[in-house]
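Listed below are the residues making up each chain.
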Amino acid sequence: MSKNKKLLLIDGNSVSFRAFFAMHNVLEKFVNGEGIHTNALYAFNNMLELILKDEKPTHALVAFDAGKTTFRTKMFDEYKGTRAKTPQELMEQLPLIQEMLNYRGIKTYELPDYEADDIIGTMSHKAELDGMDVTIITGDRDLTQLATDKVTVKVNVKGVTETESYTPEHVQEKLGITPKQIIDMKGLMGDNSDHYPGVEKVGEKTAIKLLNQYGSVEGIYEHVDEMKKSKLKEHLINDKDKAFLSKKLATIDLDAPVELRLADLEYRGDNQEQLMQFYQKMNFKTFLSRMDIPQEDTAEKLADIKVLELNDAAVEKIANSDKIHTLIVEGFGENYHTSPIIGLLISDDKNYYGTTDFSILENPLLKDWLADGSKEKYLFDNKATIAQLTRYGCKLSGVTFDMLLVAYLLDTNDNKQDIGLVAKNYDINLPTEEEFYGKGVKKAVPEDDKVLLNFLAQKAQVINSLKDKMMSELKENDQDSLYDEIELPLSIVLAEMEIKGITVEVSKLKEMENTFATRLAKIEQEIYQEAGKKFNINSPKQLGVVLFEDLKLPVIKKTKTGYSTSVDVLEKLKDKSPVVQKVLDYRQISKIQSTYVVGLQKFVQPDNKIHTIYLQTLTQTGRLSSIEPNLQNIPIRIDEGKQIRKAFVPQHEDWEIFSADYSQVELRVLAHISGDEHMQEAFNEDYDIHAHTAMRIFGLDSTDEVTPNMRRQAKATNFGIVYGISDYGLSQNIGISRKKAAEFIASYFEQYPGVKKYMDDIVRYARENGYVETIMHRRRYLPDIHSRNFNIRNFAQRTAMNTPIQGSAADIIKVAMINMQKMLEKEKLQANLLLQVHDEMIFEAPKAEIETLEKLVPSVMDSAVKLDVPLKVETAHGKTWYEAK
DNA sequence: CAAAATTGT
DNA sequence: AGACAACAATTTTGT
């Protein structure tokens, strides 16, 4: 049997409207070359692709409203009377949407005097009689009256990519009436947005109740006399005419004079050629890349670049040239500290020399050229390139353009870590790593070296062609010194730290593994005892059943999928059952065991060291992050976890671990950029900042009156301020009422008016400029600051407050790291900078150097930048990381 | 592959 | 009305 035919009907106007507002916050980002907005077009097409994929229709139609006047306005001239005018920015897109649908092989239609609804109703009715399945897409709930066994109405919810499906069953479930009765319901309650009246004081609930009793508007009025005396009865009688009129207005015409046959709606698929041209005109890169463009194009381009052999002769030419060269050292695999190089390419923008034979790296001329700082080089990802080359015995110097770093500084939001993605942002078509190598099981290096080297040549070409443009953008943003003096030098420092690595005593971890295993087994048994059964404690789902169903503990919080079993919930249940504390203990230890004790061992290399990778271009604030493994979240708060730090040791006997951290950098940064006098005074006088805050917000005369609890609350408030305060968040954090938290904040702002002013100013700045900046001009764009969605907008506002603080602190420590590395070299110290943990630097050093470091490191760190308040540095040292704190 | 949980600053 | 503290990485479940 052939598959059933399926008709897709789209309410063009209402979906366009939804699409427009779904992407309203990026309105000004979606403008094509001719200055026409394209956001609704984009969102519409996005939705369309999803729907086509899901529904696989054989027939399709998009219906539009023909004009302002319809048979309904003739019946009731205020129909849709108060509806706001369609925004100009959307109006200009409607013809484009129709044009695009045409290229996508989908019929569009409008009919004078009728609304899109009526066209859809009529065609859906026809199709159903013909035995077809029908799916209707709309942003308007009114159309749910059309749902039948054969017709599903999908209504867009939040944006356009998600829909809610209305079948007769779903309508029944949701409203308790049939789809047909929706018309009666609308008749009774009227419609605000279409601006027609119903019966006074009758809303959805009353309407449904009446319909359940009497079936329809007609039914109600047949029996209205029998109803007992009530206000409702009076209203019904008074507004009888309105009810019948509104019912008529609400009724979608199933027999409009639509001159279309079902055969006319056959869906034929895209007209590739025209659609491609259209996408190009609209600047739709993502859609273009999604098209199955015949492969010849790219293949031809690949062949365009002639790659010469990178041999001794080529090296000689390169080494003797004064030209700038682009360098591609291609690694393959996850981790560049361990995975091999698979290709090497050097280009002067005219000639491309490439090879897969790495014996060339033994060529002394090439070695010298790579290490020669006066030979200028461009590349993508300096840090990774240095790390790779180091393993092949080469030094690298003279890099002036790192496309990865520049792309990150220009916009932290999009497309880092992959040169293909950066290129696409600039309208250049270069395969991403995934597109070139494939993904999952298919990921592989091409058999043919030529193919690989051509890819590398393309990369080199892209780097070269974008260098000027990107560097001038950097200058326009006033970010050139952030790049020249911070990020680029830092990439070298980080490379050195990663390569050096930190020594780990595996035997220590092994020892801990055993003790924790026994402890875990014991707690596990105890929990089973209490619970009366065996289950997986690691599964929040199973644990939820045990706690809240078997043991009947009160449910404090729920997640999307079930009961929440997070710490804050468990903390509240601690005294209700002894099992809760045991679960908390189990969780803690099991985390330590799996992530750290066992997890870390996997990363220890044959040199007994762990070489993490710092991601320099990931975070939105400018902080670093650390992966494989993350060495920025090694436990410290609870002692069991802190033990892990005993396994981190210096690489030599008679050396120590030395750590130095900034004390309250973020608050100091806030004191600086807000210019708040009271906060600055507190730091200038070196008061205990949290006690000082407590004194001020609790209205005390001296810090002597501050109780530990007051200090704790003040500390939390300080944190809250840094994070972009909200009363709810603060109340959750210190367990006070929301009202009390709001009072704290009000009092805080009263005491620190400069801080209040900063918060207001920075949010306004973000609204006006679309971004915020750190002290070193690191930028973060905040398109959501204009969002209509309360939560999204609030989040953007908090981000606006937090990013300059967190980001400036990140700037400061980055400068300190660079200066520190220079200083160690200058002073000819053996000490090595090994780790950075946001406000802390960790070194290993001979015992003999510790005394020097105790003076030197703080002096370098607190002079990294000049603020209006002093920076404070604290140091510690010991035989292991555990002792150095 | 997403969600929940836990770790850090 | 909304239901929210900032920035990260990793492990484990369960679909």
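Check the entry above for the structure.
Only a predicted model underlies this, so the values are computations on that prediction, with no experimental measurement involved.

Enquirer: Run through the packing of helix α18 (residues 382–391) against helix α23 (residues 480–500), naming residues and quoting values.
Expert: Across the interface, α18 lies against α23 with an axial gap of 8 Å and an inter-helix angle of 40°. Comparing the axis directions of α18 and α23 gives the class oblique. With respect to the hand of their crossing, α18 and α23 are arranged in right-handed fashion. For the pair formed by α18 and α23, the contact residues are Asn382, Lys383, Ile386, Ala387 and Thr390 on the first element and Leu488, Ser491, Ile492, Leu494, Ala495, Glu498 and Ile499 on the second. Along the lines of polarity and charge, the residues of the contact of α18 with α23 split into 7 nonpolar, 3 polar and 2 charged.

Enquirer: Residues and numbers for unusual backbone geometry, please.
Expert: For residues that are not glycine, phi is negative in most cases, and the peptide bond is trans in most cases. Between glutamate 628 and proline 629 the backbone carries a cis peptide bond, its omega angle lying at -5°. Residues other than glycine seldom take positive phi values, yet lysine 828 does so here, at roughly 50°. Judged by relative accessible area, lysine 828 falls into the exposed class, the value being 71%.

Enquirer: Which residues make up the protein's contact with DNA strand B, and what values do they have?
Expert: In the region of DNA strand B, 23 residues are neighbours, and Thr565, Arg587, Asn633, Ile636 and Arg637 sit closest. For DNA strand B, the fraction of protein-proximal atoms (within 4 Å) that sit in sugar or phosphate groups is 81%. Measuring from a base oxygen of DNA strand B, one finds a side-chain N or O atom of arginine 623 at 2.9 Å. One of the side-chain N or O atoms of arginine 637 is found 2.9 Å from a phosphate oxygen in DNA strand B. Considering only residue class, the surface near DNA strand B consists of 8 nonpolar, 9 polar and 6 charged.

Enquirer: Just give me the short version of the sheet that holds strand β11 (residues 377–379), but keep the residues and values in it.
Expert: Pairing is mixed across the open sheet formed by 6 strands, whose spatial order is β7-β10-β9-β8-β11-β12. Across the chains shown, the open sheet's two edge strands, defined by having one partner strand only, are β7 (307–309) and β12 (399–402). Averaged over all neighbouring strand pairs, the angle between strand axes comes to 30°, with direction disregarded. Two elements, β7 and strand β10 (residues 352–355), share 3 bridges in a ladder whose sense is parallel. Within β10, the residue paired with valine 307 across the bridge is tyrosine 352.

Enquirer: Tell me about helix α34 (residues 738–751), and please be specific about residues and values.
Expert: One turn of an α-helix holds 3.6 residues; hence residues three or four places apart share an orientation. Here α34 spans 20 Å end to end across 14 residues, near enough to the 20 Å set by a 1.5 Å rise per residue. Here α34 has its buried residues at Ala741, Phe744, Ile745, Ser747, Tyr748 and Phe749. Turning to α34, the residues buried within the fold contact α30 (677–684), α31 (689–697), α32 (708–723), α33 (727–734) and α35 (753–769).

Reading the values: rules and limits
- Residues numbered from 1 in each chain as written.
- Chains lettered and ligands numbered in written order.
- Predicted model: local features only at pLDDT ≥ 70, side-chain atom pairs only at ≥ 80, totals over all residues.
- Heavy atoms only, no water.
- Axes fitted to C-alpha atoms, helices over the stretch in contact; angles between N-to-C directions.
- Helix = DSSP H or I, 4+ residues; strand = E, 2+ residues; numbered from the N terminus.
- Parallel < 35°, antiparallel > 145°, perpendicular 65-115°, else oblique.
- Left-handed = near helix turned anticlockwise from the far one by under 90°.
- Contact = heavy atoms within 4.5 Å.
- Nonpolar A, V, L, I, M, F, W, Y, C, P; charged D, E, K, R; others polar.
- Buried < 20%, exposed > 50% of the residue type's maximum accessible area, 1.4 Å probe, protein only.
- Near = heavy atom within 4 Å.
- Polar contact = N/O pair within 3.5 Å; in protein donor to acceptor, adjacent residues only side chain to side chain.
- Pairing = 2+ DSSP bridges.
- Expected span 1.5 Å × (residues − 1).

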